[in-house]
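The primary structure of each chain is shown beneath.
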Amino acid sequence: AIRYFELNTGAKIPSVGLGTWQASPGVVGAAVAAAIKIGYRHIDCAQAYDNEKEIHWPASMKKGSVGFKPENLTKPDIPSTWKAIEALYDSGKARAIGVSNFSSKKLGDLLQVARVPPAVLQVECHPVWQQPKLHAFCESKGIHITGYSPLGSPGTGTIKKEVLKHPVLNMVAEKLGKSPAQVALRWGLQMGHSVLPKSTNETRIKENFDVFDWSIPEELFPKFAEIEQERLIRGSGFVHDTFGAYRTFEELWDGEI
Ligand code: A2P
């Protein structure tokens, strides 16, 4: 059972965590309580989700600004931000430190200047956005990948692609007697990633944790390689022709789009 992955600091990260992005403030507390009862020991949270009274993109905002207005975007100083995060690690307040939404290029640049290399990269990852190049780079550097939106974030209203309806996921699910969501999550675990399915529904929180005592047979993996790839979370809030550091999606993702 892949319950935990070991990080480059020796700390262990629980392989299935609860996502809380888009969980409204009124229900997120109950969902977290239900998840902990079921056995979850990894909760993804962020100041930017507006449901917490933590940093998340290779972007920065004016001091004291609230919300995602493009005019509040500033040019991030990633090396000095990383120094501050390294200090948290040194102090013992964090057992491992990492980054989110970094391309292979940004990660490589960070590794050039980091004293403590990142232990984790949290990025969008699911069968429709598998990131094989980034996966290989992280593997070669000992950086663990945590996949967010592991179900393709249905229910955001803005994402048209329905990952859970993909025929490959449904074929594998039917073969194994599991749900397409469980297959998407188990695919992530078998790739060596931890996964952060968001749910505020107790039945689905349970279902998403029931991924440890079965596996997708190796011979079905080539099917996943056939899936047409598409980045679903593009980071449009961080791309602007005047403000911030990125004029185009190409720049934000360094061509990994
Ligand atoms: P809900 O909170 O009502 O369960 P992601 O983690 O990729 O962002 O996806 C989260 C979305 O997927 C939410 O809309 C969530 O709705 C839904 N969801 C979570 N678990 C499942 C599941 N097992 N089957 C189908 N949909 C799910």
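These numbers were taken from a predicted model, which means no experiment stands behind them.

Participant: Teacher, can you tell me more about the overall build of the protein chain here?
Facilitator: Looking only at helices and strands, one finds nine helices and 10 strands in the protein chain. The C-alpha radius of gyration computed for the protein chain amounts to 18 Å, which stays within 12% of the reference 18 Å derived for 257 residues, consistent with globular compactness. Taking the principal axes of its C-alpha atoms as reference, the protein chain extends roughly 50 × 35 × 35 Å. For the protein chain, the proportion of its 257 residues judged to be buried stands at 31%.

Participant: Honestly, the site of the ligand in this entry has me stumped. Any pointers?
Facilitator: Of all residues adjacent to the ligand, which total 19 residues, the nearest are Leu151, Ser153, Gly155, Ala181 and Ser199. Sorting elements by how many residues they give to the shell around the ligand places helix α7 (residues 202-209) first, with three residues. When grouped by side-chain class, the residues that make up the shell around the ligand number six nonpolar, 10 polar and three charged.

Participant: Explain the UniProt feature "domain: NADP-dependent oxidoreductase" (unreviewed entry) in the protein chain here, please?
Facilitator: Sequence positions flagged by UniProt for "domain: NADP-dependent oxidoreductase" (unreviewed entry) are, in local numbering, residues 55-227. Note that residues 55-227 is 39% helix and 11% strand, and that its end C-alpha atoms are spaced 31 Å apart.

Participant: What exactly am I supposed to notice about the confidence of the model for the protein chain here?
Facilitator: Detailed reading of the predicted coordinates is not advisable wherever pLDDT is low. The predicted model of the protein chain has a mean per-residue pLDDT of 93, with 97% of residues at 70 or higher. Our summary of model confidence lists the complex with pTM equal to 0.95 and ipTM equal to 0.99.

Participant: Quick question: what am I supposed to make of unusual backbone geometry here?
Facilitator: Most peptide bonds adopt trans geometry, and most residues besides glycine take a negative phi value. A positive phi angle is found at Ser153, which is not glycine, with a value near 45°. Checked against the element boundaries, Ser153 lands in the loop between β9 (144-148) and α5 (167-176). Judged by C-beta crowding, with 22 C-beta atoms within 10 Å, Ser153 ranks as buried. Residue Asp254 is not a glycine yet carries a positive backbone phi of 50°.

Participant: So what exactly am I meant to see when it comes to the pairing of β9 here?
Facilitator: Along any regular strand the residues' side chains alternate between the sheet's two faces. Buried residues dominate β9, accounting for five of its five residues. The two faces of β9 match: His144, Thr146 and Tyr148 on one face and Ile145 and Gly147 on the other face are all buried. In this structure, strand β8 (residues 120-124) lies alongside β9, joined through five bridges in parallel fashion. What sits directly across from Gln122, in β9, is Thr146.

Participant: Help me understand the sheet that holds β8 in this model?
Facilitator: Across a sheet, paired strands are connected by hydrogen bonds in the backbone, their directions being either parallel or antiparallel. What the four strands build is an open sheet, ordered β7-β8-β9-β10; its pairing is parallel. The two strands at the open ends of the sheet, each matched to only one other strand, are β7 (98-100) and β10 (194-195). When β9 meets β10, the two strands line up parallel, connected through two bridges. Its bridge partner lying in β10, Thr146 is registered against Ser194.

Participant: Looking at this structure, how should I read the packing of helix α3 (residues 104-113) against helix α4 (residues 132-141)?
Facilitator: Packing of α3 against α4 brings their axes to within 10 Å, and their N-to-C directions diverge by 20°. On the basis of their axis angle, the class for α3 and α4 is roughly parallel. As α3 runs across α4, the sense of the crossing is left-handed. On the side of α3, the interface is formed by Ser104, Leu107 and Leu111, while α4 contributes Lys133, Leu134, Phe137 and Lys141.

Participant: Help me understand the nonpolar core, please; the structure alone is not making it clear to me.
Facilitator: Across soluble globular proteins, nonpolar side chains show a tendency to be buried alongside one another. Of all hydrophobic cores here, the largest spans 37 residues; its most connected members are Ala31, Leu121, Val183, Ala184 and Leu185. For this core, the secondary-structure elements that each account for two or more residues are α1 (25-38), β8, β9, α5 and α6 (180-190). When residues of this core are assigned to their parent elements, the largest contribution, six residues, is made by α6. Every residue in contact with Leu185, bar those within four places of it in the chain, is listed here: Val16, Pro150, Val195, Pro197, Asn208 and Val211.

Participant: So what exactly am I meant to see when it comes to the pairing of β8 here?
Facilitator: Here β8 lies mainly inside the structure; five of its five residues are buried. For β7 and β8, the ladder comprises three bridges, and the chain directions are parallel. By the bridge assignment for β8, Ser100 is matched with Gln122. After leaving β7, the chain enters α3 and then returns to the sheet as β8, a path that is right-handed. Since β8 and β9 lie parallel, the crossover through α4 that links them has a hand, and here it is right-handed.

Participant: What's the story with the environment of Pro197 in this structure? I'm lost.
Facilitator: Inspection of the secondary structure assignment puts Pro197 in the loop between β10 and α7. Each C-alpha atom of the pair Pro197 and Pro150 lies 5.8 Å from the other, and the pair is 47 residues apart in sequence. Beyond its immediate stretch of four places on either side in the chain, Pro197 contacts Gly19, Pro150, Leu151, Ala181, Leu185 and Asn208.

Calculation criteria
- Residues numbered from 1 in each chain as written.
- Predicted model: local features only at pLDDT ≥ 70, side-chain atom pairs only at ≥ 80, totals over all residues.
- Helix = DSSP H or I, 4+ residues; strand = E, 2+ residues; numbered from the N terminus.
- Rg over C-alpha atoms; globule rule 2.2 N^0.38 Å.
- Buried ≥ 20, exposed ≤ 12 C-beta atoms within 10 Å, placed from the backbone.
- Near = placed C-beta within 6 Å.
- Nonpolar A, V, L, I, M, F, W, Y, C, P; charged D, E, K, R; others polar.
- UniProt positions renumbered as here; feature names shortened; annotations may be inferred.
- pLDDT = per-residue confidence, 0-100.
- Pairing = 2+ DSSP bridges.
- Axes fitted to C-alpha atoms, helices over the stretch in contact; angles between N-to-C directions.
- Parallel < 35°, antiparallel > 145°, perpendicular 65-115°, else oblique.
- Left-handed = near helix turned anticlockwise from the far one by under 90°.
- Contact = placed C-beta atoms within 7 Å.
- Core = buried A, V, L, I, M, F, W, Y, C linked by C-beta atoms within 7 Å.
- Right-handed = clockwise from strand over helix to strand, strands pointing away.

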